[in-house]
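Below, each chain spelled out in residue letters.
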Amino acid sequence: KAFTGSLPGLTKLSADAAAALATFAGKKSGGGKLNLFGLATLSPEAARGLAAFQGELELDGLAEIDADTAAALAQYAGRELSLKGLKTLSVETAAELAKAKAWDGELRSLRSLSDEAAAALAGFEGKGLLITGGLLSDRALQALAGFRGASLYLIVPRPRLSDEAVRALAGFKGDNLSLAGLRE
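### Observations regarding the overall build of the chain
So, point 1. Broken down by element type, the chain carries seven helices and seven strands.
So, point 2. The secondary structure elements of the chain, listed N-terminal to C-terminal, are α-β-α-β-α-β-α-β-α-β-α-β-α-β.
So, point 3. Computed over its C-alpha atoms, the radius of gyration of the chain comes to 17 Å, within 12% of the 16 Å expected for a compact globule of 184 residues.
So, point 4. Principal-axis analysis of the C-alpha atoms places the extent of the chain at approximately 55 × 30 × 25 Å.
So, point 5. Taken over 184 residues, the chain has a buried fraction of 45%.
So, point 6. Counting contacts in the chain only where the partners sit at least 6 residues apart, residues at least 24 apart contribute 50% of the total.
So, point 7. Counting 21 positive and 21 negative side-chain charges, the chain places the averaged centre of each group 5 Å from the other.

### Remarks on the packing of aromatic side chains
So, point 1. Taken as a whole, this structure holds three aromatic pairs when the rule is applied.
So, point 2. A ring pair is formed by F147 and F172, whose centres lie 6.5 Å apart and whose planes are at 10°; its orientation type is stacked. With F147 in the loop between helix 6 (138–144) and strand 6 (151–155) and F172 in the loop between helix 7 (163–170) and strand 7 (176–180), this residue pair connects regions lying 25 residues apart in the sequence. Each member of the pair F147 and F172 is classed as buried.
So, point 3. Cluster of aromatic residues (ring-pair linked, three or more members): W103, F124, F147 and F172.

### Thoughts on the sheet that holds strand 4 (residues 106–107)
So, point 1. Pairing is parallel across the open sheet formed by four strands, whose spatial order is 4-5-6-7. The sheet terminates laterally at strand 4 and strand 7, the two strands that pair on one side only.
So, point 2. Taken together, the five bridges between strand 6 and strand 7 define a ladder with parallel strand orientation. When the sheet's bridge partners are listed, L154 is paired in strand 7 with L179.

### Side note on the sheet that holds strand 1 (residues 33–35)
So, point 1. Taken together, the three strands give an open sheet; going across it, the order is 1-2-3, and neighbouring strands pair in parallel fashion. Across the chains shown, the open sheet's two edge strands, defined by having one partner strand only, are strand 1 and strand 3 (80–82). This sheet shows a mean twist of 5° between the axes of neighbouring strands, independent of strand direction.
So, point 2. Here strand 2 (residues 56–58) pairs with strand 3 via three bridges, running parallel. Paired with E56 across the two strands is E80, which belongs to strand 3.

### With respect to the nonpolar core
Soluble globular proteins tend to bury their nonpolar side chains together.
So, point 1. Counting residues in each nonpolar core, the largest one holds 56 residues, and the members touching the most others are L42, L50, L59, L83, W103, L113 and L121.
So, point 2. Look past the residues within four positions of L59 in its chain and what remains in contact with it is L36, L39, L42, L50, L73, L81, S82 and L83.

### A closer look at the pattern of salt bridges
So, point 1. Counting across every chain of the model gives eleven salt bridges.
So, point 2. A salt bridge links E106 to K84; its shortest N-O distance comes to 3.8 Å. Here the residue E106 occupies a position in strand 4, and K84 occupies one in the loop between strand 3 and helix 4 (91–97), the gap between them amounting to 22 residues.
So, point 3. For K99, the salt bridge goes to E96, with nearest N and O atoms at 3.4 Å.
So, point 4. Shared partners join several salt bridges into a network, and the residues in it are K33, E56, E58 and R79.

### Section: the side chain of T93
So, point 1. Note on placement: T93 falls in helix 4.
So, point 2. On the basis of relative accessible area, T93 is assigned to the buried category, the value being 1%.
So, point 3. A distance of 2.9 Å separates a polar atom in the side chain of T93 from a polar atom in the side chain of S90.
So, point 4. Once residues lying within four places of it in the same chain are set aside, the contact partners of T93 are I65, D66, A67 and A70.

### Describing the layout of surface pockets
One way to see where empty space is left: roll a probe the size of a water molecule over the atoms.
So, point 1. Of the volumes computed, that of the largest pocket is approximately 210 Å³.
So, point 2. As for the largest pocket, its lining consists of 14 residues, of which W103, D104, G105, K127 and G128 are closest to the centre.
So, point 3. Elements that contribute at least two residues to the lining of the largest pocket include exactly strand 5 (128–131) and strand 6.
So, point 4. At three residues, strand 5 tops the list of elements feeding residues into the lining of the largest pocket.
So, point 5. Class assignment for the residues of the lining of the largest pocket results in five nonpolar, four polar and five charged.

What counts and how
- Residues numbered from 1 in each chain as written.
- Predicted model: local features only at pLDDT ≥ 70, side-chain atom pairs only at ≥ 80, totals over all residues.
- Heavy atoms only, no water.
- Helix = DSSP H or I, 4+ residues; strand = E, 2+ residues; numbered from the N terminus.
- Rg over C-alpha atoms; globule rule 2.2 N^0.38 Å.
- Buried < 20%, exposed > 50% of the residue type's maximum accessible area, 1.4 Å probe, protein only.
- Contact = heavy atoms within 4.5 Å.
- Lys, Arg positive; Asp, Glu negative; His and termini not counted.
- Charge placed at Lys NZ, Arg CZ, Asp CG, Glu CD.
- Phe/Tyr/Trp six-rings, centres within 6.5 Å; stacked < 30°, edge-to-face > 60°.
- Pairing = 2+ DSSP bridges.
- Axes fitted to C-alpha atoms, helices over the stretch in contact; angles between N-to-C directions.
- Core = buried A, V, L, I, M, F, W, Y, C linked by side-chain atoms within 4.5 Å.
- Salt bridge = Lys/Arg side-chain N within 4 Å of Asp/Glu carboxyl O.
- Polar contact = N/O pair within 3.5 Å; in protein donor to acceptor, adjacent residues only side chain to side chain.
- 1 Å grid on protein atoms, 1.4 Å probe; cavity = no way out; pocket = protein on both sides within 12 Å on 5 of 7 lines; lining within 4 Å.
- Points joined across faces, edges and corners; volume = space filled by probe spheres on them.
- Nonpolar A, V, L, I, M, F, W, Y, C, P; charged D, E, K, R; others polar.

Next comes the structure, spelled out in structure tokens:
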């Protein structure tokens, strides 16, 4: 049976193995899709190896990465980088991730996001940000309103927003602003 690029049972990845996987071409020219959902951790060295992959790179099993790993992944120049499983994001990691041009901008599993990390993410130069599951303060919302991409999608599980947060979000310069999860 041919390798399809899906390795959900892979839980650890050495730098050498990552470099070897980066050569996978898949069925499409320019690289296929590499699904590494089973990875619970990723070292900066392994991330540097994966950064050479040219297709879609899905690392949605990672709950946390450090700033050095994020910096290595920011060098990824393939079609799309997915990190939807991140649950925590330090300020330093957010700043490095914001530099990742191929990152899809989706954080679907965050538990919370500090005001400083939100400000760092606002500097992301991708097309959109989608943040769900995280508790976002008014200051974090105000920082995210400064995002310069086309789309900002936020699910905010809280009763209401302050007038200051609403004013900041109303000033979002992109094409699409979506705010869900409010209870009033």
